[in-house]
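Summary of structural features
Spelled out, the chains give:
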Amino acid sequence: MELAGKRIVLGVSGGIAAYKAAELVRLLSSEGASVQVVMSEAATHFVTPVTFQALSGKPVFTDQWDRRVANNMAHIDLSREADALLVAPASADFLAKVANGLADDLLTTLVLARDCRLLVAPAMNRQMWENPATCRNIASLRADGVDILGPACGDQACGETGPGRMLEAAEILAEMIAHFQPKSLAGKRVLLTAGPTFEAIDPVRGITNLSTGKMGYAIARAACEAGAQVTLVSGPVSLPCPLGVSRIEVSSALQMHAEVHRQVASNDVFIAVAAVADYRPANPSAQKIKKGAQLKPPTIELVQNPDILAEIAALRAPPLCVGFAAESENLHKYAEHKRRSKNIPLLVGNLIADGFGGDDNTLILFDDDGAHPLAPAPKLQLARQLVNRIAVLLGRRR
Ligand code: C5P
């Protein structure tokens, strides 16, 4: 329950994406948030208040003259109770009003009267989004500290394609969860590797391992939630890229090595989570290797891959380097030895039986202060604890 105890006012303005707001109410509620829906008059032409009432379990407000509010100040009462005000979809007209401080209905009055953060998920036709007036309004809103979520690019209800699509409900949910995380890495740049590598034997075969990338992707998400600008160099995995993270896809250890060196200079932190193959075939075959009774089984000669983490840690002015050690036994001994031999300030140890492939893990953080065991938990929760520790170590470097 990522939003347990949070009170969210969800504003719905007039746009066809209002149908996605119904799913959003369901997702926010399923994470423990209590959701109070406020609709503009235009929004009620797309989805009825009954739908939102049924999904949120609360009467919906649409009118600033609503007689149900004892003091007749719905705009004040609703915003004072909220931890965040989220407007999805936010139409071009709604954004223009808010950018200019207009307050001619309950939703815009409530926005003007708020004393909590405002997040908006724009939804409109691409020409409307790119119109200079909308661009001006968005710039004003950003300058006023409003969080603009999206919009995405793609097919639009009007039949056109381009920027202006509202983010999907699940993406807005992830943004909402991120909003409530402490911003311990604000202004920092974090580079990560994740997933396995694939070392080609021939065009269709190769050497790889069972890493799913789940732990690395969870750390990328947690670093992004904490306010960092995150670049993820990922081996082949089947995971979606976390929203806000910039992903570079690679296959082999050599590609990962080259990409990390290309990216590393401007980063404050490097976290090597990838399960990089230690060896690769020395001479991968350009053609598919054939079998046959008369042919001897091939011998594959291996050569060692570069150790990406050790090389980055040995740079003249390295970022704060964090390594991972997945061991099948003697975790404390091997992890501390790895930390010292690669000369890195923080190493994260886990037993293969605890973490490989699953959604949960058990981690121990090893640094100069000693070993810090983290209780078994979902990978995202552990990733957030790791990010907090990294923020502490970064603070000490100054
Ligand atoms: O040496 P070992 O593979 O056990 O060390 C694990 C740590 O080193 C991980 O953080 C892993 O991402 C990193 N590593 C690397 N390049 C390699 C091998 C491991 O960055 N070639």
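Residues numbered from 1 in each chain as written. Predicted model: local features only at pLDDT ≥ 70, side-chain atom pairs only at ≥ 80, totals over all residues. Heavy atoms only, no water.

Between Ala88 and Pro89 the backbone carries a cis peptide bond, its omega angle lying at 0°. When you line up the elements, Pro89 lands in strand β3 (residues 84-90). The linkage connecting Gly150 with the following residue, Pro151, adopts the cis geometry, with an omega of 0°. For Asn330, which is not glycine, the phi dihedral falls at a positive 45°. By the secondary structure assignment, Asn330 is in the loop between β16 (320-327) and α12 (331-341). A positive phi is found at Asn343, a non-glycine position, where the angle reads about 55°. Assignment of secondary structure puts Asn343 in the loop between α12 and β17 (346-351). Using a relative accessible area of 57% as the deciding quantity, one classes Asn343 as exposed. (Helix = DSSP H or I, 4+ residues; strand = E, 2+ residues; numbered from the N terminus. Buried < 20%, exposed > 50% of the residue type's maximum accessible area, 1.4 Å probe, protein only.)

It is worth spelling out the UniProt feature "binding site: CTP" (unreviewed entry) in the protein at this point. If you check UniProt for "binding site: CTP" (unreviewed entry), the listed places come out as Asp278, Lys288, Pro306, Asp307, Ile308, Leu309, Phe324, Lys338 and Lys342 in our numbering. These annotated residues cover 65 residues of sequence, and their C-alpha atoms sit far apart, with the largest distance between any two at 37.8 Å. Secondary-structure assignment places Lys288 in the loop between β14 (279-281) and β15 (302-304). Among the structural elements, Lys342 can be located in the loop between α12 and β17. In this structure, Lys342 is in contact with Asp307, Leu309, Ala310 and Ala313, ignoring residues within four places of it in sequence. (UniProt positions renumbered as here; feature names shortened; annotations may be inferred. Contact = heavy atoms within 4.5 Å.)

Take the site of the ligand next. Near the ligand, the surroundings consist of Ala272, Val273, Ala274, Val276, Pro306, Asp307, Ile308, Leu309, Gly323, Phe324, Lys338 and Lys342. In this structure, Ile308 approaches the ligand through a main-chain N or O atom, which is 3.0 Å from a nitrogen atom. Between an oxygen atom of the ligand and a side-chain N or O atom of Lys338, the distance comes to 2.3 Å. Alone, the ligand offers 450 Å² of accessible surface; in the complex the protein occludes 84% of this. For the shell around the ligand, the secondary structure elements donating two or more residues are α11 (308-313) and β16. The residue inventory of the shell around the ligand, partitioned by class, reads eight nonpolar, one polar and three charged. (Near = heavy atom within 4 Å. Polar contact = N/O pair within 3.5 Å; in protein donor to acceptor, adjacent residues only side chain to side chain. Areas by Shrake-Rupley, 256 points an atom, 1.4 Å probe, with all protein chains shown as cover. Nonpolar A, V, L, I, M, F, W, Y, C, P; charged D, E, K, R; others polar.)

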